[in-house]
Amino acid sequence: MISYKIDREGNKIDLHYIEKLINQHKSTWLNKAAERTAKYKIAGKVTDNSHIWSEIKEVFMKIQGNKCAFCEGELEGKTSGKGVHDVEHFRPKNRITKWQSSPEFNALGIAITEPTVSKGYHLLTYNLLNYSIACGPCNQAIKKDRFPIKGNYNTLMENPSIESDAEIPLLLYPIGQHDVNCEDLISFNGAVPTVVIPDGLPFERAITTIEFFRLGRADIRGKLFKERCMKIITIDGILDENDDPSDYDNILENIIADYSDHASCGRSYVKLLKTNKSKASEVLSEAKRFIRTYIPDEQLN
Ligand SMILES: [Zn+2]
């Protein structure tokens with residue numbers, strides 16, 4: 001999982017910049033969104049069934065380099081992808097449902113707030129800093145209306161970029177400037193996501209994100225692991241023996257850039273190649289073994 005803080009042209013991705021992209025894409029959208037939010041505020045809930053967030057889906061596909069916000073899998077392109085992926089609301093708009101975490105996760109002792117509120121974050125239905133594009137498994141099969149936090153649910157929130165000690169999301173939000181850099185919290189050991197900081201809130205948010213989206217579960221997200229292993233094998237195949245490790249980032253620019261799928265996994269492997277050749281060789285062998293034995297089955301993907 002990576003953060004999207006700077007785009008390919010070097011623009012800082014923040015609310016102002018996303019609004020600019022939306023105005024270029026559909027100039028009436030922001031006004032319509034503001035009108036709807038004003039209505040919801042008076043009613044205290046979402047009052048319509050039709051929605052307009054799909055109209056700006058392409059803007060987020062562009063920001064995210066056409067990758068899933070959470071697993072970094074490549075999405076269908078602009079034309080076919082429009083019908084496949086939907087805009088994911090980070091904070092659920094209608095209701096919050098309980099995340100059933102595993103006994104192994106529960107044993108870590110992370111205090112997750114029980115969602116007892118019946119409403120969702122209706123005032124964030126059209127908030128741009130509540131949006132991302134996610135793949136089917138991450139959004140429709142896993143995330144749904146779940147939103148694990150520490151503290152108290154503040155469903156009247158109007159601006160998710162204002163940090164609050166009262167409500168701390170346990171999932172990482174990858175777009176814009178207000179959340180941490182995902183790669184400071186989650187790295188990779190080969191194809192397996194790992195926690196960078198071993199304690200405190202950074203640990204809790206990283207391990208919850210990995211566990212929640214099942215990012216480390218080769219048994220149920222085999223396609224994801226296959227893609228990460230292919231990334232590792234591709235990187236190894238592109239590099240020549242004579243290449244200077246200090247040139248790796250240039251040589252592999254397109255393979256490990258933010259807009260490339262599984263960039264974080266790729267970047268972790270490149271870092272390993274530069275620092276520990278023998279460990280990198282083990283990682284490569286493991287990736288090859290996975291591909292040789294991979295059989296698609298009835299998985300989430
Ligand atoms: Zn995904």
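The rules behind the values
- Residues numbered from 1 in each chain as written.
- Predicted model: local features only at pLDDT ≥ 70, side-chain atom pairs only at ≥ 80, totals over all residues.
- Helix = DSSP H or I, 4+ residues; strand = E, 2+ residues; numbered from the N terminus.
- Rg over C-alpha atoms; globule rule 2.2 N^0.38 Å.
- Buried ≥ 20, exposed ≤ 12 C-beta atoms within 10 Å, placed from the backbone.
- Contact = placed C-beta atoms within 7 Å.
- Axes fitted to C-alpha atoms, helices over the stretch in contact; angles between N-to-C directions.
- Parallel < 35°, antiparallel > 145°, perpendicular 65-115°, else oblique.
- Nonpolar A, V, L, I, M, F, W, Y, C, P; charged D, E, K, R; others polar.
- Pairing = 2+ DSSP bridges.
- Domains from an automatic or database assignment.
- Expected span 1.5 Å × (residues − 1).
- Arc of directions from axis to C-beta.
- Core = buried A, V, L, I, M, F, W, Y, C linked by C-beta atoms within 7 Å.
- Left-handed = near helix turned anticlockwise from the far one by under 90°.

J.: Residues and numbers for the overall build of the protein, please.
T.: For the protein, the count of helices and strands is 13 helices and six strands. What you see for the protein is a C-alpha radius of gyration of 20 Å, in line with the 19 Å of a compact globule of 301 residues. In terms of overall dimensions, the protein has C-alpha extents of about 65 × 45 × 35 Å along its principal axes. Put simply, the protein has 301 residues, and 36% of those count as buried. Taking the intrachain contacts of the protein between residues at least 6 apart in sequence as the baseline, contacts between residues at least 24 apart amount to 70%.

J.: With reference to specific residues and values, describe the packing of helix α12 (residues 263-275) against helix α13 (residues 277-293).
T.: Close contact between α12 and α13 brings their axes to 6 Å; oriented N to C, the two are set at 140 degrees. Judged by the inter-axis angle, α12 sits oblique to α13. On α13, the residues touching Y269, L272 and L273 of α12 are K277, K279, A280 and V283. Within the contact of α12 with α13, the residues separate by chemical class into five nonpolar, no polar and two charged.

J.: Mind laying out the pairing of strand β6 (residues 192-195), listing which residues take part and the relevant values?
T.: Looking down a regular strand, the side chains alternate between one sheet face and the other. Here strand β5 (residues 186-189) runs beside β6; their pairing, made up of four bridges, is antiparallel. In the strand pairing of β6, S187 is matched with T194.

J.: Tell me what's going on with the domain arrangement of the protein, and back it up with residues and numbers.
T.: Considered domain by domain, the protein is made up of domain 1 (15-179) and domain 2 (222-293). Its C-alpha centre places domain 1 at a distance of 31 Å from the equivalent point of domain 2. Contact residues are listed per partner, giving six residues for domain 1 and eight residues for domain 2. Considering only residue class, the side of domain 1 that touches domain 2 consists of one nonpolar, two polar and three charged.

J.: Provide a residue-level description of helix α9 (residues 222-238), including the pertinent values.
T.: The end-to-end C-alpha separation of α9 is 24 Å, in line with the 24 Å expected for 17 residues at 1.5 Å each. Among all positions of α9, only L224, F225, R228, C229, K231, I232 and I235 are buried. Down the axis of α9, the buried set is contained in an arc of 145 degrees. They therefore lie on one face. Among the structural elements, α11 (253-256), α12 and α13 are those in contact with the buried residues of α9.

J.: Outline helix α6 (residues 136-143), listing residues and values.
T.: For α6, every residue scored as buried is listed here: P137, C138, N139, I142 and K143. Those residues of α6 that are buried lie in contact with β1 (87-89) and α8 (200-212). Just beyond α6, the residue with positive phi is K144, at close to 45 degrees.

J.: Describe unusual backbone geometry, naming the residues involved and giving the relevant values.
T.: At E72, a position not held by glycine, the phi torsion is positive, near 65 degrees. Structurally, E72 is set in the loop between α3 (57-63) and α4 (78-84). Since 28 C-beta atoms lie within 10 Å of it, E72 is described here as buried. Positive phi outside glycine occurs at H262, with the angle close to 50 degrees. Looking at where H262 falls in the secondary structure, it is placed in the loop between α11 and α12.

J.: So what's going on with the nonpolar core? Which residues, and what values?
T.: One finds C68, F70, C71, C138, A191, I232 and Y269 to be the most contacted residues of the largest nonpolar core, which totals 57 residues. Broken down by element, the residue count for this core peaks at six residues, all from α12. Every residue in contact with C71, bar those within four places of it in the chain, is listed here: C135, C138, F213, L215 and L224.

J.: Just give me the short version of the packing of α9 against α12, but keep the residues and values in it.
T.: As a packed pair, α9 and α12 sit with axes 9 Å apart at the nearest point and diverge in direction by 40 degrees. The orientation of α9 with respect to α12, classified from their angle, is oblique. You can see that α9 and α12 cross each other, and the crossing is right-handed. On α12, the residues that touch R228, K231, I232 and I235 of α9 are C265, G266, Y269 and V270. When the residues that make up the contact of α9 with α12 are grouped by side-chain class, the tally is five nonpolar, one polar and two charged.

J.: Would you mind going over the environment of V180 in detail, with residue names and values included?
T.: Tracing the sequence through the fold places V180 in the loop between β4 (167-169) and α7 (182-185). Of the residues examined, V180 has 15 C-beta atoms within 10 Å and is grouped as partly exposed. Sequence-wise, V180 and A280 are 100 residues apart; in three dimensions their C-alpha atoms are separated by 28 Å. If we skip the residues at most four places from it in the chain, V180 touches L172 and L185.

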